[in-house]
Amino acid sequence: MRNLCACRAVFFRLRAGAMVLHLVPRWSASLFRASPRWKKTYSQRASAQLKWLGCPRSVYSPLACRAYSKVSGSPEVMLTPERYPVQRLPFSTVSEEDLAAFECIIPGRVITDPEQLQTCNVDWLRTVRGCSKVLLRPQTSEEVSQILRHCYKRNLAVNPQGGNTGMVGGSVPVFDEVILSTALMNQVISFHDVSGILVCQAGCVLEELSRYVQERDFIMPLDLGAKGSCHIGGNVATNAGGLRFLRYGSLRGTVLGLEVVLADGTILNCLTSLRKDNTGYDLKQMFIGSEGTLGVITAVSIVCPPRPKAVNVAFLGCPGFTEVLQTFRTCKGQLGEILSAFEFMDAECMQLVGQHLHLTNPVQESPFYVLVETSGSSAGHDAEKLTNVLEQVLNSGLVIDGTMATDQRKVQMLWALRERITEALSRDGYVFKYDLSLPVERLYDLVIDLRTRLGPRAKHVVGYGHLGDGNLHLNVTAEAFSQELLGALEPYVYAWTAEQRGSVSAEHGLGFKKKNVLGYSKPPVAVKLMQQLKAMLDPKGILNPYKTLPARA
Ligand SMILES: O=C(O)CC[C@@H](O)C(=O)O
Ligand SMILES: [Zn+2]
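The structure displayed is predicted, hence computed values, not measured ones.

Draft legend 1. Region of interest: the coordination of the zinc ion (ligand 2). Only His-466 (NE2), His-473 (NE2) and Glu-507 (OE) from the protein reach the zinc ion (ligand 2) as donors, at distances of 1.9 to 2.1 Å. Judged by relative accessible area, His-466 falls into the buried class, the value being 4%. You can call Glu-507 buried: its relative accessible area is 12%.

Next up, the structure:
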């Protein structure tokens, strides 16, 4: 094996028959895994954290609502209705009287300053932009209820907003909807150290919750690249998947209860902490993944798994996608319950994280890379299992080269290669994003197909994602947004996915950008039922309009 990079010395390389295994607790590396930009956001949130730790509200500076800050000097984002064919629905517009009413409900937390509003009107990918004139920052569900009661009466449209880290334009207004931020609803309500059940307000930042439960020897059941900014309420509203899905499953299983404020201001309190409850319909499931269109999630009860005692990460280079699949099969079969992540990325992803973020490839250049993580309770046992698997995949030629970290910093370096692909892509130009569920054996075929179809019109066509969950992140970059390129991608990508009986949104939701493609993954009867449900819960359609569902014919 060649020594390809300067940082090689800090890794123990894997060689068939001569492996050294070191155990590194990934949980404690999570902070370091944040990219510089995420970290920047995180430090911008220092004031929020002060409050979270019990400081008086007066020291808390308002407004911290972005995942990525605007790249200085970057051009203004085009207004959404200028780029996409969408008509404003006949909602009222915010009047001076409305502002006065809001001020009565949440004194000092009604923001109309255009500079502050600018941030919350644009998605972090800088692809869609609304023109809301007011941002509301309630602290309690009672305040959310009073705000919605007023908006409902006045027929004012509302855009619920968490950390604004969404990928499909769901978290920003399309026109002038009132922005209802959960940023100040960031209190932990209770934590039970036997059951691991956490109850908290919707605006708690995922990374802060992770730290909170880790101090008590638990972990959050989900982890995302956006953890430094995203809110747990937003995670639940989009049914976010992320990096721990393979092991801990969907939020549909780990969320035990929700408190939701309905469109007319009614508070629905289903904030139970019961593992088993078969009394009637499971209403919380309706709001998980509803992207703020059926109600505003104000509090969450979620079960946290115990913190694993031993975590190992291996980063491997594979000669082809067939070998990636066989490596996955081997890991699944032999690592069993300790396998906690199986992520993959192609060579173009590696090139982009090198070019834009100056991250170094720790292994020999390969067509594909995989990141394998194990989490278990017995260090020796887990190490032995992983060592055996890695020896096997190296000896059989499924893996060309591999590396394992020896400490937290190096674990962080390995995870960064995968977690920061999104960031590298956003520095490459305009990004067309597709988040698809596909049969795992066909997962990469679409990437190959699109490279041929798009030719030089695309800068890069890359494939990466949660292979262990059958989830492909297909991203296409170009110098700038182009209708022509969009036309070459859509509906082609959706039709291709539907042919495989896949899903056009595996974990990012539909938001504004994908609402019209729901029919590729759901039959007309299901779409109609969803529209009827929306009409029943939000008859005036004020909650996150223009999102998730296609307009009714
Ligand atoms: O940017 C994307 O397309 C994927 C983002 C996220 O879901 C990930 O898995 O890194
Ligand atoms: Zn993902």
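Still to come is the rest of the account.
Draft legend 2. The sheet that holds strand S3 (residues 135-136), seen in detail. If you walk across this open sheet you meet the four strands as S2-S3-S5-S4, and the pairing is mixed. Because the sheet does not close on itself, it has two edges, and the strands there are strand S2 (110-111) and strand S4 (158-161). For S3 and strand S5 (residues 178-181), the ladder comprises two bridges, and the chain directions are parallel. Pairing of Leu-135 across the sheet is with Ile-179, part of S5. Along the sheet face, helix H6 (residues 141-154) touches S3, S4 and S5 and points at about 165° away from the line of S5.

Draft legend 3. Summary view of the layout of surface pockets. Size it by volume and the largest pocket reaches roughly 1000 Å³. Lining of the largest pocket is provided by 46 residues; of these, Lys-515, Tyr-546, Leu-549, Pro-550 and Ala-551 occupy positions nearest its centre. Every element with two or more residues in the lining of the largest pocket is listed here: strand S15 (430-437), helix H18 (483-489) and helix H20 (524-537). With five residues, S15 is the largest single contributor of residues to the lining of the largest pocket. Its residues assigned to classes, the lining of the largest pocket shows 26 nonpolar, nine polar and eleven charged. Shared between two domains, the lining of the largest pocket holds at least three residues of each, these being domain 2 (36-181) and domain 4 (429-517). Of the voids in this model, the second largest pocket is the one considered here, and its volume is about 830 Å³. Lining the second largest pocket we find 37 residues, and of these Asn-239, Arg-252, Ile-288, Gly-289 and Lys-522 sit closest to its centre.

Reading the values: rules and limits
Residues numbered from 1 in each chain as written. Chains lettered and ligands numbered in written order. Predicted model: local features only at pLDDT ≥ 70, side-chain atom pairs only at ≥ 80, totals over all residues. Heavy atoms only, no water. Donors = N, O, S within 2.8 Å, 3.2 Å for Na, K, Ca; no water. Buried < 20%, exposed > 50% of the residue type's maximum accessible area, 1.4 Å probe, protein only. Pairing = 2+ DSSP bridges. Helix = DSSP H or I, 4+ residues; strand = E, 2+ residues; numbered from the N terminus. Contact = heavy atoms within 4.5 Å. Axes fitted to C-alpha atoms, helices over the stretch in contact; angles between N-to-C directions. 1 Å grid on protein atoms, 1.4 Å probe; cavity = no way out; pocket = protein on both sides within 12 Å on 5 of 7 lines; lining within 4 Å. Points joined across faces, edges and corners; volume = space filled by probe spheres on them. Nonpolar A, V, L, I, M, F, W, Y, C, P; charged D, E, K, R; others polar. Domains from an automatic or database assignment.

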